[in-house]
Amino acid sequence: MEIERQQLPNSTLILIFGILSIIGCCCYGLVGLIFGVITLVLAKKASDTYAENPEMYNGYQNVKSGKILAIIGVSLSVIYIVILIVGLIMYGGIEGIQELQKEMMEQYGG
């Protein structure tokens, strides 16, 4: 008797959130970090569910892909946040960065 396989819970959502974590790292790193962490938590739960009974579920490839994308997204987001913090420290906060931008605009004729 063949068991009817069902879709692994949240497998498509995990893949979509993994993609959004990479795209979201451009939003000051915060959005990418949020989506990445949520994806990793959901992927852990889905992996545990799949490990209990692998012949019962489809969609584990989406979970693995989403997890890899989430790791990349979290890494890029953390790098972006670190660069942002270092920039704020080096240029004396937001005012220093605005002053630097103003000087560059005057220098290059923008």
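Before reading further, recall that the structure is shown in the block above.
Residues numbered from 1 in each chain as written. Predicted model: local features only at pLDDT ≥ 70, side-chain atom pairs only at ≥ 80, totals over all residues. Heavy atoms only, no water.

1. Considerations on helix α1 (residues 11-24)
1) Next: In a regular helix each residue adds 1.5 Å, so 14 residues correspond to 20 Å; α1 covers 20 Å between its end C-alpha atoms and thus fits that length.
2) Next: Those residues of α1 that fall on the buried side of the exposure criterion are S11, I14, F17, G18, S21 and G24. Buried residues of α1, seen end-on, are gathered within an arc of 145 degrees and therefore sit on one face of the element.
3) Next: Residues of α1 that are buried make contact with β1 (6-7), α2 (30-52) and α3 (60-90). (Helix = DSSP H or I, 4+ residues; strand = E, 2+ residues; numbered from the N terminus. Expected span 1.5 Å × (residues − 1). Buried < 20%, exposed > 50% of the residue type's maximum accessible area, 1.4 Å probe, protein only. Arc of directions from axis to C-beta. Contact = heavy atoms within 4.5 Å.)

2. Some remarks on the pattern of salt bridges
1) Next: Using the criterion set out here, one finds 1 salt bridge in the structure.
2) Next: In this structure, D48 and K44 form a salt bridge, with 3.3 Å as the shortest nitrogen-oxygen distance. Taken as a pair, D48 and K44 lie in helix α2 at a separation of 4 residues, close to a single helical turn.
3) Next: Given a relative accessible area of 38%, D48 falls into the partly exposed group. (Salt bridge = Lys/Arg side-chain N within 4 Å of Asp/Glu carboxyl O.)

3. A word on the environment of I23
1) Next: Along the polypeptide, I23 turns up in helix α1.
2) Next: Considering only alpha carbons, one finds I23 and T12, 11 residues apart in sequence, at a separation of 17 Å.

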